[in-house]
Amino acid sequence: KEIVGDDNVSDDMADLYVYGSDASVHQAVPSAVVRPGSIEEVQDLMRYANENQIPVVPRGAGSGMSGQTVPIDGGIVLDMKRMNKIIEIRPEDVLCKVEPGIVNDRLNEALKPYGFFFPPTPSSGNICTIGGMIGTNASGNRAVKYGGTRDSILGLKVVLANGDLVNLGTNTRTDASGYQLARLMVGSEGTLGIVV
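Residues numbered from 1 in each chain as written. Predicted model: local features only at pLDDT ≥ 70, side-chain atom pairs only at ≥ 80, totals over all residues. Heavy atoms only, no water.

## So, the overall build of the chain
A tally of helices and strands in the chain yields six helices and nine strands. Its C-alpha atoms give the chain a radius of gyration of 16 Å, within 12% of the compact-globule value 16 Å for 196 residues. Summarising its shape, the C-alpha atoms of the chain cover approximately 45 × 35 × 25 Å along the three principal directions. Residue burial in the chain is summarised as follows: out of 196 residues, 44% are buried. Within the chain, contacts between residues separated by at least 24 positions form 55% of all contacts whose residues are at least 6 apart in sequence. By element, 50% of the accessible surface of the chain is carried by carbon and sulfur atoms, the whole surface being about 10500 Å². Each charge class in the chain was averaged separately, 17 positive and 23 negative side chains, and the resulting centres sit 8 Å apart. (Helix = DSSP H or I, 4+ residues; strand = E, 2+ residues; numbered from the N terminus. Rg over C-alpha atoms; globule rule 2.2 N^0.38 Å. Buried < 20%, exposed > 50% of the residue type's maximum accessible area, 1.4 Å probe, protein only. Contact = heavy atoms within 4.5 Å. Areas by Shrake-Rupley, 256 points an atom, 1.4 Å probe, with all protein chains shown as cover. Lys, Arg positive; Asp, Glu negative; His and termini not counted. Charge placed at Lys NZ, Arg CZ, Asp CG, Glu CD.)

Next up, the structure:
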């Protein structure tokens, strides 16, 4: 509560029940639901959880169908939906920067006036978040032509388990130097870090 404020932490049984499942058949009860609103809050939360050995499960909209956001070992469910801003749209560079809680359809509405769209089209596009799509490498009916989420991500900011912030990838379509760690992060379902 000191990190995110009283209104952004819940251990109410009704909340814990809802956040203990996703669109799959799996169910487990977390110890708490925490809703960070900034990168710094995510960093502080991860430092706290790491020091106290508390499991953390990041969550977008909970529309996944494989149990990725179910807190099997309890701990903290990190609801990323407060971080829902479009930071920048640069059509001249075919680039946009967003926070992980932005909903897929909302992003596409913002891109439409520029004649662009974010290609992945999951059936839950009206509720799923970009962070969740990154976590699962979501695709959809346009994947045959444009690929999955991994193929549209140029770079990521990721908070590691110890609270460190790393910048992965680039702002350009060409990234030929070193390991492509941003691509590795896509589909890792929060096991390697939390996309912010």
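More follows now that the structure is in view.
## Description of the sheet that holds strand β8 (residues 165-169)
Here three strands make up an open sheet; going across it, the order is β8-β7-β9 and the pairing antiparallel. Every other strand in the sheet has two partners, leaving β8 and β9 (194-195) as the edge strands with one partner each. Pairing between strand β7 (residues 155-159) and β9: two bridges, direction antiparallel. Bridge pairing in β9 links V159 to I194. Across the sheet, helix α2 (residues 39-51) touches β7, β8 and β9, and the angle it forms with β7 is around 40°. (Pairing = 2+ DSSP bridges. Axes fitted to C-alpha atoms, helices over the stretch in contact; angles between N-to-C directions.)

## Observations regarding the pairing of strand β6 (residues 95-98)
When a strand is regular, its side chains alternate between the sheet's two faces. As defined by bridge partners, strand β5 (residues 86-90) adjoins β6 across four bridges and the pair is classed as antiparallel. Across the sheet, I86 pairs through a bridge with V98, a residue of β6. The hairpin formed by β5 and β6 contains four residues between the paired strands, and V94 there has a positive phi angle of roughly 50°.

## A look at the packing of aromatic side chains
Under the defined criterion, the tally for this structure stands at one aromatic pair. For the ring pair F117 and Y146, a centre distance of 5.4 Å and an interplane angle of 85° mean the geometry is edge-to-face. Of the two residues, F117 is situated in the loop between α3 (104-111) and α4 (130-136) and Y146 in helix α5 (residues 143-146); the sequence distance between them amounts to 29 residues. In this structure F117 comes out as partly exposed when scored by relative accessible area, which is 36%. (Phe/Tyr/Trp six-rings, centres within 6.5 Å; stacked < 30°, edge-to-face > 60°.)

## Points about the state of the cysteines
Under the definition given, this model contains zero disulfides. Sulfur of C96: no disulfide; nearest cysteine sulfur belongs to C128 and is 14 Å away. What makes C96 partly exposed here is its relative accessible area of 27%. (Disulfide = S-S within 2.5 Å.)

## Side note on the nonpolar core
In terms of nonpolar packing, the biggest core is built from 17 residues, with F118, I130, I134 and L156 touching the most fellow members. Elements with a minimum of two residues in this core: α3, α4, β7 and α6 (181-185). Examining the composition of this core, we find that three residues originate from one element, α4, more than from any other. Residues within four places of F118 in sequence aside, it is in contact with N104, L107, N108, L111, I130, M133, R142, T149, S152 and I153. Residues I39, L45, M80 and M83 belong to the second largest nonpolar core, which totals 13 residues. (Core = buried A, V, L, I, M, F, W, Y, C linked by side-chain atoms within 4.5 Å.)

## Looking at the pattern of salt bridges
One pass over the full model with this rule turns up eight salt bridges. For the salt bridge of R35 with D79, the shortest nitrogen-to-oxygen distance reads 3.9 Å. With R35 in the loop between β2 (32-34) and α2 and D79 in strand β4 (residues 76-79), this pair connects stretches of sequence that are 44 residues apart. D79 shares its class with R35; the two are buried. Between K81 and D79 there is a salt bridge, and its shortest N-O distance comes to 3.8 Å. Owing to a relative accessible area of 35%, K81 belongs among the partly exposed residues under this scheme. (Salt bridge = Lys/Arg side-chain N within 4 Å of Asp/Glu carboxyl O.)

On their own, these measurements won't tell you what the molecule is for.
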